[in-house]
Amino acid sequence: DPVPYAQALADNPYVGSWSSGGALNTARSAMGSAGDATNNLTISGETSTNVANVESYNGTAHTEIADVNSARRNTSGFGTSTAAYLMSGYTGSFPTDVESCNGSSWTEVNDTNTSRNNGAGSGGTSGSTAALIFGGDTPAPARTGATELWNGSSWTEVNDLNTARYERPGGSGTSTSGLCYGGYTTAYV
């Protein structure tokens, strides 16, 4: 109920609680996402193998929609449910593939410059014309701080992260005010 929550939030801005929503139709891990809490896409991921499944969430239930072209895991997503993007990930190799969804189908768009897996992205609701992808691990295997900016048609290398990181660091914000947090900073052992 939003009314008591709004009052509780006004009384104490640090209060809040989690609640359960509808379960995914295909259980998986290491997936990408785009959108917000009531209009979201769960994109690709891993069961015992990589899956191409995409599910749309309306705040109550998940519905299967068009699959991505390339099944992958450890990917990054950004944008809204009707202007979503899926970047890089792991397909058996470290692709630079980027796919765009208009809400009903996926199309390959210009690739990122750096092959990566387990990176992060940010873009918010303006993701279709302005977003970032940063961090991740590269084929060496090595971690990277490489950061790229999406302008709606291509990726450009911009200032790298201060500390290279991988294993799905968190990413949020916009292309001009983004955050990267967490993740691993040490090399594989």
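The structure under discussion appears in the preceding block.
On a predicted model such as this, the values are computed, not experimentally measured, just so you know.

> Can you tell me about the overall build of the protein chain, naming the residues and giving the values?
If you tally the helices and strands in the protein chain, you get one helix and 16 strands. Per-residue burial for the protein chain yields a buried fraction of 39% across its 189 residues. Of all intrachain contacts in the protein chain linking residues separated by at least 6 positions in sequence, the fraction that spans at least 24 positions is 40%.

> How would you sum up the pattern of salt bridges? Please name residues and give values.
A side chain of one charge can pair with a side chain of the opposite charge when the charged atoms of the two come close. Evaluation of the coordinates by the stated rule reveals four salt bridges. Put simply, E99 and R72 hold a salt bridge, and the shortest N to O gap is 2.9 Å. Of this pair, E99 sits in strand β7 (residues 98–101) while R72 sits in the loop between β4 (62–65) and β5 (76–80), and the two are 27 residues apart along the sequence. Pair check on accessibility: E99 and R72 agree, each one buried. Residues R116 and E148 are paired through a salt bridge, measuring 2.9 Å at the closest nitrogen-oxygen approach. Of this pair, R116 sits in the loop between β8 (106–109) and β9 (120–122) while E148 is found in strand β13 (residues 147–150), placing the two residues 32 residues apart along the sequence. The exposure class of R116 is buried, given its relative accessible area of 1%. Owing to a relative accessible area of 0%, E148 belongs among the buried residues under this scheme.

> Run through the pairing of β5, naming residues and quoting values.
With four of its five residues buried, β5 lies for the most part within the structure. Across five bridges, β5 lies against strand β6 (residues 83–87) in antiparallel orientation. Residue pairing for β6: F78 is matched across the bridge by Y85. The turn joining β5 and β6, which pair antiparallel and follow one another in sequence, is formed by two residues.

> Explain the sheet that holds strand β3 (residues 54–57) to me, using residue names and the numbers behind them.
Ordered by their spatial adjacency, four strands build an open sheet running β1-β2-β3-β4, and the pairing between neighbours is antiparallel. In this open sheet, the two strands that pair with only one neighbour each are β1 (32–36) and β4. Neighbour to neighbour, the strand axes of the sheet diverge by 20° on average, direction disregarded. Bridge count between β1 and strand β2 (residues 39–43): five bridges; the pairing is antiparallel. Bridge assignment links G35 to a residue of β2, and that residue is N40.

> Which residues make up the sheet that holds β7, and what values do they have?
The four strands are arranged β5-β6-β7-β8 in an open sheet whose pairing can be described as antiparallel. The strands lining the two open edges of the sheet, one partner per strand, are β5 and β8. Averaged over neighbouring strand pairs, the angle between their axes works out to 20° when direction is ignored.

> Hey, could you go over the nonpolar core for me, with residue numbers and the actual values?
Generally speaking, nonpolar side chains in soluble globular proteins are found buried as a group. Formed by A34, L41, I43, A52, V54, V68, A84, L86, C101 and W106, the largest nonpolar core amounts to 10 residues. The set of elements that each furnish at least two residues to this core consists of β2 and β6. Residues in contact with A52, not counting those within four places in the same chain, are S44, D67, V68 and A71. With eight residues, the next largest nonpolar core counts Y85, V98, A131 and W155 among its residues.

What counts, and at which threshold
- Residues numbered from 1 in each chain as written.
- Predicted model: local features only at pLDDT ≥ 70, side-chain atom pairs only at ≥ 80, totals over all residues.
- Heavy atoms only, no water.
- Helix = DSSP H or I, 4+ residues; strand = E, 2+ residues; numbered from the N terminus.
- Buried < 20%, exposed > 50% of the residue type's maximum accessible area, 1.4 Å probe, protein only.
- Contact = heavy atoms within 4.5 Å.
- Salt bridge = Lys/Arg side-chain N within 4 Å of Asp/Glu carboxyl O.
- Pairing = 2+ DSSP bridges.
- Axes fitted to C-alpha atoms, helices over the stretch in contact; angles between N-to-C directions.
- Core = buried A, V, L, I, M, F, W, Y, C linked by side-chain atoms within 4.5 Å.

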